[in-house]
Amino acid sequence: PKHEDGTLEGRYATALFMASGGKLDKVYADMAGLREMMEASPHFKMMVETPGIDPESKVKALEAVCKKAGTEAAVVNFLKVLVENKRIAKLCRIVDLFEVFYRAEKGLVPCKVTSAAPLTDAQQKAVKAAMEKRAEKGAQLLMEYTVSPAIMGGLVVKMGEAVLDNSVASRLERMQTQLLVPLS
């Protein structure tokens, strides 16, 4: 993968990424589907994360769910390895890291824009155009717009790992800090 993570979960996500071969899109869709199932069904999430459940029963349940969902064989085998190694409880974090690897491989960059009031379509297009100029060549931005009155005005943009904070709240905070510095 183009992105690395040395944590335990990162090593498992890397292993699945490497094993996905030419079926990366399908494996990603299956992993994202598993995360959605865990979010939608507290019972499924509990079954996955509870260590007291018999591993064989867990594997059978996961196989049944995966068969019904048409999950890729590599993902099913991966889930069996996680159960065998008592790491299945870390599935959500592994899926999140796999998504980071997938996005890095595909050149997809998350870009979250926070404003004090909802942006018009024209403003959203202008922000996207400005961010595309800052992004690496060939990167595709995954735009997400949120509203937070706490920033008072301006924008806070998180693109990948970079944060561009041009909010009124931050400017006031910086001004206050400067005013409180004693004169020498």
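Residues numbered from 1 in each chain as written. Predicted model: local features only at pLDDT ≥ 70, side-chain atom pairs only at ≥ 80, totals over all residues. Heavy atoms only, no water.

Some remarks on unusual backbone geometry
Despite not being glycine, Lys86 has its phi angle at roughly 55°, a positive value. Residue classification places Lys86 among the exposed positions, given a relative accessible area of 69%. Positive phi, normally seen in glycine, also occurs at Met152, with a value near 70°. Judged by its relative accessible area of 51%, Met152 falls in the exposed class. (Buried < 20%, exposed > 50% of the residue type's maximum accessible area, 1.4 Å probe, protein only.)

As for the pairing of strand S4 (residues 162-167)
Relative to S4, strand S3 (residues 154-159) runs antiparallel, the two sharing 6 bridges. Bridging across to S4, Gly154 finds its partner in Ser167. The antiparallel hairpin formed by S3 and S4 contains 2 residues in its connecting segment, where Gly160 sits at a positive phi of about 65°. (Pairing = 2+ DSSP bridges. Helix = DSSP H or I, 4+ residues; strand = E, 2+ residues; numbered from the N terminus.)

Observations regarding the pattern of salt bridges
For the structure shown, the criterion picks out 9 salt bridges. The residue Arg35 makes a salt bridge to Asp96 at a minimum N-O spacing of 2.7 Å. Residue Arg35 is located in helix H2 (residues 24-40), and its partner Asp96 is located in helix H6 (residues 91-106); the two are separated by 61 residues in the primary sequence. You can call Arg35 buried: its relative accessible area is 13%. When its relative accessible area of 33% is taken as the criterion, Asp96 is described as partly exposed. Taken together, the shared-partner salt bridges connect Arg35, Asp96, Glu99 and Arg103 into one network. (Salt bridge = Lys/Arg side-chain N within 4 Å of Asp/Glu carboxyl O.)

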